[in-house]
Structure formats: C-alpha cells, structure tokens
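# Coordinates in review
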Amino acid sequence: MNFYSLNKKAPDVSFKDAVIKGLAPDRGLYFPKSIKPLTKGFFKNIEYFSNEEIAYEVIKQFVADEIPERILKEIIKETINFDFPVVAVEDNIATLELFHGPTMAFKDVGARFMARCLGYFNQINNTAKVTVLVATSGDTGGAVASGFLGVEGVDVVILYPSGKVSEVQEKQLTTLGKNITAIEVNGTFDDCQTMVKNAFLDTDLLGSKNLTSANSINVARWLPQMFYFFFAYKQLKNKHKQIVFSVPSGNFGNICAGLMAQQLGLPVKQFIASTNINDIIPNYMNTGVYQPKPSKQTISNAMDVGDPSNFVRILEIFKNNSSKLKDTLSSYSFTDNETKEVMKFLYEKCNYITDPHGAVGYLGLKKYGIDKETQGIFLETAHPVKFLDVVSPIITKQIELPKQILKVIHKEKRAINISTYEELKAYVLKS
C-alpha cells in the first residue's frame, strides 16, 4: 500500500515511510492510494469475530506486508486489550464508551498502535533516534505519553496550551519523565499545532533530527480509530436499524476514521460532526466556505480547534464533492450552556454521567433527530473524571478517581515553558 500527499507535490511513500515522516515534504497529509471494501460475509458474521480479528481485517490492507502478520496481530492485541462497550442511554440512543484504556480517552487506540509500529520499524532498521513532536488540546498528550513511554529509540516532545487543559490531562502528560518531555506553550492549541507543522519544514531540524508526529495527521494514529466503529456495529442486537454516529469533533481525525470505516463497507446512514463554538466545519457545511479562525476556549477543550487538520482528508474521501459530503455528514455546534444543561439532564433523567465532549455528541444526535427506525450512537471520548472541575458542579456529585488517574494525580508536574517557535527549535536541537 502506498500513500500520497494531499498537496500532490511530494512522492508517494510506503506505510512505513508515512509513519516515520508523519507529514509529507510538501506539508500535505498522507492518504492511502486505494481503499478496498471488506466482504459482505465479514459484516454478516461480524459478531462471531473477536475484536482482535476485526481490527486485523480492517487495518491489514493499509499496512500491507510492511509488518509481518504475526507482529501486526501482536501489535493489535497490545493496542486494544480493553473494552469498548455500547451502553444504552435512552430509546434508540446509546453511547460508545472509548475511555476504558490506560489514559481513559479514545486516543489510547491510535497512540498505542502508532508507538508499537514505530518501535518495530526502528528495531528492524536500526535507525537513529526518532523525535516525536505532538501538539495536544487535551487527551492526545496523555495518550501519546503513555503509549510511547519507554519505547527504545524514540523521544517524545508534547506541546500543550498553558491553562487550557484540565488538571488530570496535564498530569498525564507532564509526570511520566523518561523519554517524555512536556512543553507548556503560552498560547492556544492552534499555536501548538502551527509550531509542530513549522518544525517539519525547518531544514535545520530535518538535517539533524529524525522527526515524526503523533497527532492524527500521522496515518498510524489516524487509521486505527476505524476499529471502534466496527466494534460498535458488532454489539448492535438489531442490525436492521439505520445507524447514525455522532462524533465530538475537534481536529476531525476521529470522524474521518469513521468515514473511512464506511468506505470499507460499514453500514452507516449518517455521521454527525458535533462541535463546540469552534464552528469552522458547521459554517463550511452551511456556506461552502472554509474559514479558519482563532480557537475559543470552552469546557470541551479537546475540541477547541480553529483549523481542523483532518478535514482535508474528509474532502478527499468525497473527491471534494460537497453534495455527496452533505449526504453523509452533518455538522452542528453547541454552546457551553447547552452542554452543561444536557450533562445535567443525562445524569438526572438517564442516570448517565457524561463528560463535556460526549454531551456535545449527544446534542448532535438530538438536533439531527433519531426515530424508532434509527439507532443513534454518540461517542463518549473521555472519562468524566478527566473534567472534574466541570462535571462535579453540574451533577453535584463527586466522582471516584479510577486507578489510572490515582497513578498520576499526586505526581509533580514537570514542563518547559515557551512562547515562540524559536524556543521549541532550540530545545529540540540540543536534546
């Protein structure tokens, strides 16, 4: 399988090179040259397959023969060794809980898969040390830090916006040490993401460091997110209902993976990109004009993105045909007040505690409209405990800290403070 740059000004590369490079030399995101649908028999018998078997069938065409079957299956086994339950919330609406991994966020899947792929490539090639640069608006940082912790031959540098991630999220990315360095940026997530992208164009850095990214711009972070859409379908008792997925969306890697799952044959009626007031894509869907703007801070901070990197991949899936895109994708934005109100409603009326991002996903389903012929599923992308300062006052209840959080919450934060790209460059060059 080859991957091409969406800017169309760089050579095609293998899966391995796409993982190692992260971003193409022309600053484009990599995209697979072909997408082959899975067989009808696979979907007809999906409940008889294990999650590991499903994941292997989903990803193998993209990895091809660059990782031996035995090794790839082992990578998958280590990546998804936790649960992905679909939990009923009300009639015809359920949630897909993606927070049962080590950092209690959906990004555990992509981070763990990528870390193991990169570790394998480093091992067989005996390459020089790789520096992973990643920007986070919240959960990516902790997932990448956990996934890459102790991986030989890989140093990880995580940039996050000062004061704009929760305490739990910050502790998960600033307390591990070893090969993990946290960089606290005086700015927004978009500033962090711009610094990472600039690093991949910097000839000084590229001449002295092997750089790659662990954001969802990296194919090994992005593509494994297809897995849990298939896991959700496997669990549905009535597969005759039309499925609507509502995905809390920030950088749009997760919903793009869902749309890729649909390209592989997963029967989905509609995807909903549910956002907070950072409404670049809802505006695009209404006007046809893509207009990035500075991100605004909200209680659903992982979605505080003003220029979603992965939307260009979504456009590529639909060959830039806006009418076909709108047939499959809807997008709505919601305020913090709306989010708080529905968090309270879900707790009091449905006995379900949601985090702010999952609440936005639920709101997307309600706005779209779910009837008795439709099964709505919203993604609960992080455990509510990661947003205690938001959740507890709304439901007027303290949430017990899970063991994953107790491991880090009392550890000392260690981060390097910067304000400019030049400071980042200086650190990476000397490290």
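Residue numbers run consecutively from 1 along every chain, following the written order of its sequence. It should be noted that, the model being predicted, local features are given only for residues of pLDDT at least 70 and side-chain atom pairs only at 80 or more, the latter also being counted only at that level, while totals for whole chains, interfaces and linings use all residues. Excluded from the side-chain calculations are hydrogens and water; all other atoms, namely the structure's heavy atoms, are used.

## Focus: the packing of aromatic side chains
Note the cut-off: Planes of paired rings set the category: under 30 degrees apart is stacked, over 60 is edge-to-face and the rest tilted, where pairs are Phe, Tyr or Trp rings (Trp by its six-membered ring) whose centres lie within 6.5 Å. Secondary structure elements follow DSSP: runs of H or I no shorter than four residues count as helices, runs of E no shorter than two count as strands, and numbering proceeds from the N terminus. Think of it in three bands: with a 1.4 Å probe and only protein chains considered, a residue is buried below 20% of the maximum accessible area for its type, exposed above 50%, and partly exposed in between. Each ring is checked for a lysine NZ or an arginine CZ that lies within 6 Å of its centre and within 35 degrees of its normal; such an atom marks a charge sitting over the ring.
Tallied over the full model, the rule gives 25 aromatic pairs. Taking 6.0 Å as the distance between ring centres and 20° as the angle between the ring planes, the aromatic pair formed by F43 and F230 counts as stacked. You can see F43 sitting in helix α2 (residues 40-44) and its partner F230 sitting in helix α11 (residues 227-235), a full 187 residues away along the chain. An identical accessibility class is assigned to F43 and F230; each is buried. Ring geometry for Y290 and F311: centres 6.0 Å apart, planes at 10°, overall stacked. Of this pair, Y290 sits in the loop between α13 (280-287) and α14 (311-317) while F311 sits in helix α14, placing them 21 residues apart in sequence. On the basis of relative accessibility, which here comes to 28%, the residue Y290 falls in the partly exposed class. Classification of F311 by relative accessible area gives buried; the value is 2%. A cation over an aromatic ring shows up here: K73 above the ring of Y56, its NZ or CZ 4.9 Å from the ring centre.

## Considerations on the pairing of strand β12 (residues 329-333)
Definition in use: Strand pairing is assigned whenever DSSP identifies at least 2 bridges connecting the two strands.
The buried fraction of β12 amounts to four of the five residues, a majority that puts the element mostly inside the structure. Judged from the five bridges that link them, strand β11 (residues 270-275) and β12 form a sheet pairing that is parallel. Directly across from T275, in β12, lies its bridge partner S333.

## Side note on the sheet that holds strand β1 (residues 2-5)
If you trace the three strands from one edge of the open sheet to the other, you get β2-β1-β3, paired in antiparallel fashion. The sheet terminates laterally at β2 (13-14) and β3 (30-32), the two strands that pair on one side only. Of the strand pairs in this sheet, β1 and β3 are connected by three bridges, and their pairing is antiparallel. Residue pairing across strands places Y4 opposite F31, the latter belonging to β3.

## Quick notes on the sheet that holds strand β10 (residues 242-248)
Under the convention used in this document: Between N-to-C directions, angles cover 0 to 180 degrees, with each direction set by a line fitted to C-alpha atoms, over the stretch in contact for helices.
Pairing in this open sheet of six strands is mixed, and the strands run β4-β5-β13-β10-β11-β12 from one edge to the other. At either end of the open sheet lies a strand with only one pairing partner, and these are β4 (86-90) and β12. Between one strand axis and the next, the sheet turns by 25° as a mean value, whatever way the strands run. Pairing of strand β5 (residues 93-97) with strand β13 (residues 374-380), which is carried by five bridges, proceeds in the parallel orientation. Bridge pairing in β13 places I93 opposite G376.

## Observations concerning the UniProt feature "domain: Threonine synthase N-terminal" (unreviewed entry) in the chain
Selection criterion: UniProt positions are given in the numbering used here, feature names are shortened, and annotations may be inferred rather than shown by experiment.
Under the local residue numbering, the UniProt record ascribes the feature "domain: Threonine synthase N-terminal" (unreviewed entry) to residues 3-79. This span, residues 3-79, is 47% helix and 10% strand, and a straight line between its end C-alpha atoms measures 23 Å.

## As for the packing of helix α4 (residues 69-79) against helix α5 (residues 107-125)
For clarity, the threshold we go by: For any pair of crossing helices, the crossing counts as left-handed if the nearer helix is rotated counterclockwise from the farther one by less than a right angle, and right-handed if it is rotated clockwise. Note on contacts: a residue pair is in contact if any heavy atoms of the two residues lie within 4.5 Å. Polar here means any residue outside two lists: the nonpolar Ala, Val, Leu, Ile, Met, Phe, Trp, Tyr, Cys and Pro, and the charged Asp, Glu, Lys and Arg; Gly therefore counts as polar.
Where α4 meets α5, the closest approach of the two axes is 9 Å, and the angle between their N-to-C directions is 145°. Crossing handedness for the pair α4 and α5: right-handed. Every residue of α5 that contacts α4 at I71, L72, I75, I76, E78 and T79 is listed here: V109, R112, F113, R116, C117 and Y120. By residue class, the composition of the contact of α4 with α5 is eight nonpolar, one polar and three charged.

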